[in-house]
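Given next are the chains, with one letter for each unit.
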Amino acid sequence: QVQLVESGGGLVQPGGSLRLSCAASGRIFSLNPMAWYRQAPGKERELVAIIINGDSTNYADSVKGRFTISNDYAKNTVYLQMNSLKPEDTAVYYCNAGVEVLGTARRLVVWGQGTLVTVSS
């Protein structure tokens, strides 16, 4: 039993900032990789940022230089710091993690429920 719960979404003006958090709970041995996806209205879900082995990161071209993904393994949490937000960043943001279940050889891919980010004046 593992779940991811996002928080931090909301309404922000263009140029503003938000920090999204995603906390994992359950019988977790490890979380790797951890990622953020987003889905805008009428669009397919896309990868925004991913962190692998707690250190290596990759970003969608559209967010490079503006977004930063990080994690805190002690808290089983991944963050997405979003700066210089643009209206085109408006989307539901989902966290995602590869999970090794504690005490087992089981690996799962787990999605959060999503948090809405709206960038508008």
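Refer to the structure presented above.
It should be emphasised that the depicted structure is a prediction, and the values quoted were computed from it without experimental measurement.

Q: Tell me about the state of the cysteines, residues and numbers included.
A: Applying the stated criterion to the full structure yields 1 disulfide. Through a disulfide, Cys-22 is tied to Cys-95; the S-S separation comes to 1.9 Å. Because the torsion about its S-S bond is 45°, the bridge between Cys-22 and Cys-95 counts as right-handed. Note that Cys-22 is positioned in strand β3 (residues 18-26) and Cys-95 in strand β9 (residues 91-101), a separation of 73 residues in sequence. Exposure remark for Cys-22: the relative accessible area of 0% places this residue in the buried category.

Q: Hey, could you go over the nonpolar core for me, with residue numbers and the actual values?
A: In globular proteins that are soluble, nonpolar side chains generally tend to be buried together. Grouped together as the largest cluster of nonpolar side chains are 30 residues, with contacts concentrated most on Trp-36, Val-48, Phe-67, Leu-80, Met-82 and Tyr-93. Broken down by secondary-structure element, the contributors of at least two residues to this core are β1 (2-7), β3, β4 (28-39), β5 (46-52), β7 (67-72), β8 (77-82), β9 and β11 (115-119). Ranked by the residues each element gives to this core, the list is headed by β9, at 5 residues.

Q: So, the pattern of salt bridges: which residues are in play, and what are the values?
A: Under the criterion given, the structure shown has 4 salt bridges. A salt bridge links Lys-64 to Asp-61, with the nearest nitrogen and oxygen atoms 3.1 Å apart. The residue Asp-89 makes a salt bridge to Arg-66 at a minimum N-O spacing of 2.7 Å. Of this pair, Asp-89 sits in the loop between β8 and β9 while Arg-66 is found in the loop between β6 (56-59) and β7, placing the two residues 23 residues apart along the sequence. Each member of the pair Asp-89 and Arg-66 is classed as buried. Salt bridges linked by common partners bring Arg-38, Glu-46, Arg-66 and Asp-89 together as one network.

Definitions and limits used
- Starting afresh in each chain, residues are numbered from 1 along the sequence in its written order.
- Where totals are concerned, whole chains, interfaces and linings use all residues; where local detail is concerned, this predicted model gives features only for residues with pLDDT of at least 70, and gives and counts side-chain atom pairs only at 80 or more.
- Note that water and hydrogens are dropped before the side-chain values are worked out from all heavy atoms of the structure.
- Note on terminology: pairs of cysteine sulfur atoms within 2.5 Å are recorded as disulfides.
- By the criteria applied, helices consist of DSSP H or I runs no shorter than four residues and strands consist of E runs no shorter than two, each listed in order from the N terminus.
- Any residue under 20% of the maximum accessible area for its type is buried, any over 50% is exposed, and the rest in between are partly exposed; the area is computed with a 1.4 Å probe on protein chains only.
- Residue types Ala, Val, Leu, Ile, Met, Phe, Trp, Tyr and Cys, when buried and joined through side-chain atoms within 4.5 Å, form a set referred to as a nonpolar core.
- One speaks of a salt bridge when a side-chain nitrogen belonging to Lys or Arg is within 4 Å of a carboxyl oxygen belonging to Asp or Glu.

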